[in-house]
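# An overview of the molecular structure
Residues per chain are reported as follows:
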Amino acid sequence: MMKKKSVPASKPFLILFLCQIISALDVPLDSKLLEELSQPPTITHQSPKDYIVDPRENIVIQCEAKGKPPPSFSWTRNGTHFDIDKDEQVTMKPNSGTLVINIMNGGKAEAYEGVYQCTARNERGAAISNNIVIRPSRSPLWTKEKLEPNQVREGDSLVLHCRPPVGLPPPIIFWMDNAFQRLPQSERVSQGLNGDLYFSNVQPEDTREDYICYARFNHTQTIQQKQPISVKVFSMDSLNDTIAANLSDTDIYGAKPVTERQPVLLTPTGSTSTKVELRGNVLLLECIAAGLPTPVIRWIKEGGELPANRTFFENFKKTLKIIDVSEADSGNYKCIARNTLGSVHHVISVTVKAAPYWITAPRNLVLSPGEDGTLICRANGNPKPSISWLANGVPIAIAPEDPSRKVDGDTIIFSHVQERSSAVYQCNASNEYGYLLANAFVNVLAEPPRILTPANKLYQVIADSPALLDCAYFGSPKPEIEWFKGVKGSILRGNEYVFHDNGTLEIPVAQKDSSGTYTCVARNELGKIQNEVHLEIKDPTMIIKQPEYKVVQRYGQVSFECIIKHDSTLLPTVIWLKDNHELPDDERFLVGKDNLTIMNVTDKDDGTYTCIVNTTLDSVSASAVLTVVAAPPTPAIIYARPNPPFDLELTGQLERSIELSWIPGDENNSPITHFIIEYEDGLHEPGVWHYQTEVPGTQTTVQLKLSPYVNYSFRVIAVNQIGRSQPSEPSEQYLTKSASPDENPANVQGIGSEPDNLVITWESLKGFQSNGPGLQYKVSWRQKDVDDEWTSVIVANVSKYIVSGTPTFVPYEIKVQALNDLGYAPEPSEVIGHSGEDLPMVAPGNVQVHVINSTLAKVHWDPVPLKTVRGHLQGYKVYYWKVQSLSRRSRRHVEKKILTFRGNKTFGMLPGLEPYSSYKLNVRVVNGKGEGPASPDKVFKTPEGVPSSPSFLKITNPTLDSLTLEWGSPTHPNGVLTSYILKFQPINNTHELGPLVEIRIPANESSLILKNLNYSTRYKFYFNAQTSVGSGSQITEEAVTIMDEADILRPAVGAGKAMASRQVDIATQGWFIGLMCAVALLILILLIVCFIRRNKGGKYPVKEKEDAHADPEIQPMKEDDGTFGEYSDAEDHKPLKKGSRTPSDRTVKKEDSDDSLVDYGEGVNGQFNEDGSFIGQYSGKKEKEPAEGNESSEAPSPVNAMNSFV
């Protein structure tokens, strides 16, 4: 090992050096490029560190590696070179380092136990594998022992010991009876972690002779069985009877009744114990107690809480399970057993240690000659692991010297590397609980630029869409990329382009003039290369005439149009959908070039029809609704359902077929379209009729297929366009002979309900499908991808079978075969099922959050290993919540939000975030059982945004020349307020706006007095807040300074010049007010005259509307009808022409009104004559706002006239 210098002054130099290191190169995953570049070896696949093998099969020790040139492989065994050429049982796969040890041809697995390590080497370095410990699995037989019967008094405790043989790996223990059924367990009877069966108190029903302990060795797929254990429970009643039979009448006899007992711990013993567990493992703590009544177990952690989301209670709360333990889970855990008589407790002191785990694993470096770089290897553990380095598999202290290399503890620093500096470095982090070994190479390359994007590649983009032009490149040193347009164009710069680090040129909004040839140039000190690509901008596809809403009568015809416009170089395809599905396969639907026609429309055609136009670059669609209504009734022939058929006859009886004939009933003016034949099984389902078949309406005889062991009756139903007839009278009965089943159960499935079982279900055969008496099912299963025999069981009258003692979530091959007294059905097909799921074991790692903007963030995580999911991976859930606002330090109620990302997705977007806030999130994996543990909370902050508008703006204290403004800070500042912006301008009598004045106000102010304003003047104010990001939305207000009766001259705000003459407000002059009053009085008189003339039958708006609609069914009514007289054509009732004053609120109504007649009456309940004529009275209420632009917005009343001058 290199000695570290203990010079204190070197530390600041090292920190400065690390800050100056140039980032390493990224090598694109281009197959052609990777084949050409030299690369040190990399181990890509290896066997696990602790490798337990099946002694009956060949041993395969995997070691795969890649590199350029391809690496060669060698092995060590127990620390010394393993010469495979000298052992005829050992071979190495071609172009691989994988060893195959031939056990099935005479070798013994025990002879090859040991520690193996693989080395992959080429001219640029050597990579090594982990130490792979090979051990053959063992599944020894149970030692023979003589088991005495257990005789126990009712209410006493009992422990049945299993003591399974020691195997490798340890077996799975479960208790069953002679019928291979799991023994029922409860709070009173349960299995301990050591496999023993504990009875808190025995009951008479516990008496049995077949308590059998099974040990399942999963590696060899074998099950060992202990000899049955007999238990006999003596009840108090039976004991009293026995005593009475042996005593005289004068003796006093009697056993004590069952006495209740306070709890006593059966396991663990004593008051305290200790437990050591490794970080990341599952901690299992157990307490089982005896007592009567049965004690209840409760768990607590002294001085703390049990970890949420990682704590589970099993075995009726007798087992405490904490998954993914960490050092924080160390401490004292107390179990308390309690019943009505008392309690007992036990304290387990838990210490969590940790095998080494990575903080920063070393990563491969690709450097250019003369560049600098670092390899960092940081790990943690309990105890703290030691770090050691190797170079090409040799301890770095004795490895060849490299002047560019310097080792500083967990870091190797490279300075001014050369091509000879290429090597593979190994970092080993180890403590007493394990080790970590990582390979990381340093590859020094000097390569001229290469462009990986194909030359003259054509890009086609729709106008106004982004265009991305690729220029994938590689070079060492890293090349610089420049883009040019055209043959002699200048280098592209400016905001209209985006240049990505990977060389891609982005045109965010491509226009027609963006088309052309673009040249990408890559250059470094070793050379230069360029590549041309071509961009074509296409016109977007549009539907210029969309399908419209249609109403059509039943049996009519309807057509939808879909006329499109598209780029001439693109080939469009048009697809029609009905209710988002394909059109029915019906010849009535005719698809033309620009339309869809439906012939002979029926009620089923009702729905939404969508026209979708697709090109290779874009897609557009449009929809319309079709409503089908009934045709108007016509006095025609009465149609009805047909009468039922009659005179049914059975002929040509055979074992599997029979002929049925009948006579049709009256068709009632609607031809019979078809006949439906139904049957009844009087043997299995009497009174229930089933569909058999149907035949055309012209046919009155049918050959029917029959099933064995069915007592048939038939009936016939006739159908025409109106409906179905009543069923015919049943035919005579016909009983078929029995036979073996023709089919097997359908919908066979295997889904576990618990982590250690497999529930096999199927759909039972119906009575007539049994083909004979004695219907049963043969259920078979075996574990998939394991050379194992089928396990079978025969059951009856059920559609489910539970296989117990299975491993968690493994695939099984399953089949279910029907049989009866006459034989088996054909061989069934196999289906794949899975044993039960369990909650995921680990949380997603490496959770990273990238804040995109103030309201959106992107979260990334590493997927969990599939083997830890322990079920069907359904996706990941991201929990995130706001911790606090950075602008307001007050906390609030935490409302967690959840986003679910389906499948094996490793990233997602978090929308709707609040700006300038602190958030936390964690990620959990989800399977069919539920959620796994949460990842450590990740904290992130959103940047500032623009504020909301100020909460209020009040203008008070008006004087001749000043106004006081008061405001409230924004409800959502979304950052740190920097200032307020006030803008204001005067408004004259004609509503024209004067010059705009802007004032910036410090953020800590909440009021302002504006002085030097004009008297009797209206001002409009615009007010908003600002952060460093920008201005928020504004709030507006208007106010008026008070009138100066003395006509004192005031300077205008912001005018910059003194006024030369006095301002005179005409609205305050007496002569003007008198004139306006006279005009108002005249207008009022004119309005009264017009109103009187209108009531006498003058022209009115409803008449104009009726004339415009030109409805021939509506005729004007005469005087003698008691209604309105002839309409007048007087010119004085014509509407005002265009150019009239617009309303004072600057709004103009539409010229064409779509108002209904009720707009002109007292309400919506207008009255009409039988012929549809309107007879509602026209009220004198306030007229509706004009609907046509050529009408005056309001009557020039004196009030309005005065308001216009204020």
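Residues numbered from 1 in each chain as written. Predicted model: local features only at pLDDT ≥ 70, side-chain atom pairs only at ≥ 80, totals over all residues. Heavy atoms only, no water.

## Some points on the overall build of the chain
Secondary structure summary: the chain contains seven helices and 85 strands in total. Of all 1206 residues assigned to the chain, the portion counted as buried reaches 39%. Of all intrachain contacts in the chain linking residues separated by at least 6 positions in sequence, the fraction that spans at least 24 positions is 65%. Accessible surface, the chain as shown: approximately 66400 Å² in total, 51% of it carbon and sulfur. (Helix = DSSP H or I, 4+ residues; strand = E, 2+ residues; numbered from the N terminus. Buried < 20%, exposed > 50% of the residue type's maximum accessible area, 1.4 Å probe, protein only. Contact = heavy atoms within 4.5 Å. Areas by Shrake-Rupley, 256 points an atom, 1.4 Å probe, with all protein chains shown as cover.)

## With respect to unusual backbone geometry
Of note, the bond from Leu168 into Pro169 is cis; its omega dihedral lies within 30 degrees of zero at -5 degrees. The topology assignment puts Pro169 in the loop between β13 (158-160) and β14 (172-176). In this structure, Pro383 follows Asn382 across a cis peptide bond, with omega equal to 5 degrees. Considering the arrangement of structural elements, one finds Pro383 in the loop between β31 (378-382) and β32 (386-391). Here Asn846, not a glycine, exhibits a phi torsion of approximately 50 degrees, which is positive.

## Details of the pattern of salt bridges
In total, this model carries 38 salt bridges according to the counting rule given. A salt bridge links Lys321 to Glu314, with the shortest nitrogen-to-oxygen separation between them at 3.2 Å. Note on Lys321: relative accessible area 9%, which makes it buried. Here Glu561 and Lys545 are joined by a salt bridge, their closest N and O atoms 2.8 Å apart. Of this pair, Glu561 sits in strand β49 (residues 558-561) while Lys545 sits in strand β47 (residues 542-545); the two residues are 16 residues apart in sequence, bridging distant segments of the chain. (Salt bridge = Lys/Arg side-chain N within 4 Å of Asp/Glu carboxyl O.)

## Digging into the side chain of Asn428
With respect to the helices and strands, the residue Asn428 is situated in strand β36 (residues 423-431). Once residues within four sequence positions are removed from consideration, Asn428 is found in contact with Ser386, Ile387, Ser388, Tyr435, Leu436 and Leu437.

## Details of a nonpolar patch on the surface
Taken together, the side chains of Leu1081, Leu1084, Ile1085, Ile1088, Val1089, Phe1091 and Ile1092 define a hydrophobic patch exposed on the protein surface, amounting to about 650 Å² of accessible area. Inspection of the secondary structure puts Ile1092 in helix α5 (residues 1070-1095). (Patch = residues over 30% accessible without salt bridge, like charges linked within 9 Å, V, L, I, M, F, W, Y side chains within 5 Å.)

## A short note on the sheet that holds strand β79 (residues 950-956)
Taken together, the three strands give an open sheet; going across it, the order is β79-β80-β83, and neighbouring strands pair in antiparallel fashion. Here the strands that pair on one side only, and so sit at the sheet edges, are β79 and β83 (1007-1010). The mean angle between the axes of side-by-side strands here comes to 20 degrees, regardless of whether they run parallel or antiparallel. The pairing of strand β80 (residues 963-970) with β83 spans four bridges and is antiparallel. Paired with Glu966 across the strands is Ser1007, a residue of β83. (Pairing = 2+ DSSP bridges. Axes fitted to C-alpha atoms, helices over the stretch in contact; angles between N-to-C directions.)

## Quick look at the nonpolar core
Ranked by size, the top nonpolar core spans 30 residues in total, and within it Ile59, Ile61, Trp75, Ile101, Tyr116 and Ile134 carry the most contacts. For this core, the elements supplying multiple residues, two or more each, are β2 (50-53), β3 (59-61), β4 (63-68), β5 (72-77), β8 (99-101), β9 (114-122) and β11 (132-136). Broken down by element, this core gets its largest block of residues, three residues, from β9. (Core = buried A, V, L, I, M, F, W, Y, C linked by side-chain atoms within 4.5 Å.)

## Topic: the packing of aromatic side chains
For the coordinates displayed, the defined rule picks out 21 aromatic pairs. Note on Tyr919 and Phe940: the rings are 5.6 Å apart at their centroids and 15 degrees apart in plane angle, and the pair reads as stacked. Residue Tyr919 is located in strand β77 (residues 917-926), and its partner Phe940 is located in strand β78 (residues 938-941); the two are separated by 21 residues in the primary sequence. By relative accessible area, Tyr919 is classed as buried at 5%. On the numbers, 5.3 Å between centres and 10 degrees between planes, the contact of Tyr980 with Phe1023 is stacked. (Phe/Tyr/Trp six-rings, centres within 6.5 Å; stacked < 30°, edge-to-face > 60°.)

## Details of the pairing of strand β62 (residues 711-719)
Each regular strand displays side chains that alternate between the two surfaces of the sheet. When you tally the buried positions in β62, you get nine out of nine residues, the bulk of the element. Neither face of β62 is open: one carries Asn711, Ser713, Arg715, Ile717 and Val719, the other Tyr712, Phe714, Val716 and Ala718, and all of them are buried. Summarising the sheet, strand β59 (residues 674-681) and β62 pair through eight bridges and their orientation is antiparallel. Along β62, the bridge assignment pairs His674 with Val719. As defined by bridge partners, β62 adjoins strand β63 (residues 734-735) across two bridges and the pair is classed as antiparallel. Bridge assignment links Tyr712 to a residue of β63, and that residue is Tyr734.

## Details of the pairing of strand β41 (residues 473-476)
Across the two faces of β41 the burial is the same, with Tyr473 and Gly475 and Phe474 and Ser476 all buried. Across three bridges, strand β38 (residues 447-451) lies against β41 in antiparallel orientation. What sits directly across from Ile451, in β41, is Tyr473.

## Looking at the side chain of Asp681
When you line up the elements, Asp681 lands in strand β59. For the buried Asp681, which has no salt bridge, the nearest side chain bearing the opposite charge is Lys766, at an N-O separation of 11 Å. One polar contact links the side chain of Asp681 to the main-chain amide nitrogen of Leu683, over a distance of 3.1 Å. Within the local environment of Asp681, its side chain forms a polar contact with the backbone nitrogen of Asn711, the two atoms lying 3.4 Å apart. With sequence-adjacent residues up to four places away left out, Asp681 is seen in contact with Pro686, Val688, Val710, Asn711, Gly767 and Phe768. (Lys, Arg positive; Asp, Glu negative; His and termini not counted. Polar contact = N/O pair within 3.5 Å; in protein donor to acceptor, adjacent residues only side chain to side chain.)

## Side note on the state of the cysteines
Tallied over the full model, the rule gives six disulfides. Disulfide pairing places Cys287 opposite Cys335 at an S-S distance of 1.8 Å. Disulfide Cys287-Cys335: the torsion about the S-S bond is -65 degrees, which places it as left-handed. Of this pair, Cys287 sits in the loop between β22 (283-286) and β23 (288-292) while Cys335 sits in strand β27 (residues 331-339), and the two are 48 residues apart along the sequence. Of the two residues examined, Cys287 and Cys335, each falls in the buried class. (Disulfide = S-S within 2.5 Å.)

## Here's the deal with a negative patch on the surface
A cluster of like negative charges, contributed by Asp647, Glu649, Glu659 and Glu732, occupies part of the molecular surface. The residue Glu732 is located in the loop between β62 and β63 in this model. Residue Glu732 is classed as partly exposed on the basis of its relative accessible area of 49%. (Charge placed at Lys NZ, Arg CZ, Asp CG, Glu CD.)

## Section: the sheet that holds strand β61 (residues 701-705)
With respect to topology, three strands assemble into an open sheet ordered β57-β58-β61, the strand pairing being antiparallel. Strands with a single pairing partner mark the edges of an open sheet, and in this sheet they are β57 (646-651) and β61. Here the average twist between neighbouring strands, direction ignored, is 25 degrees. Note: strand β58 (residues 657-663) against β61, five bridges, orientation antiparallel. Its bridge partner lying in β61, Ile658 is registered against Leu704.

## Let's talk about the environment of Ile1035
Looking at where Ile1035 falls in the secondary structure, it is placed in strand β85 (residues 1035-1040). For the pair Ile1035 and Leu953, spaced 82 residues apart in the sequence, the C-alpha separation amounts to 7.3 Å. Excluding anything up to four places from it in sequence, Ile1035 contacts Pro950, Phe952, Leu953, Phe1021, Tyr1022 and Phe1023.

## Regarding the environment of Val629
Along the chain, Val629 turns up in strand β56 (residues 619-629). When sequence neighbours within four positions are dropped, the list of residues in contact with Val629 reads Val551, Val552, Gln553 and Arg554.

## A few points about the confidence of the model for the chain
Confidence in the prediction for the chain averages 83 pLDDT; 83% of positions are at 70 or higher. Across residues 1045-1064, confidence stays below pLDDT 50; counting only partners more than four residues off in sequence or on other chains, it has 28 contacts. (pLDDT = per-residue confidence, 0-100.)

## A short note on the environment of Lys1011
Within the fold, Lys1011 resides in the loop between β83 and β84 (1018-1026). Each C-alpha atom, one on Lys1011 and one on Leu960, is 9.3 Å from the other, the two residues being 51 residues apart in sequence.

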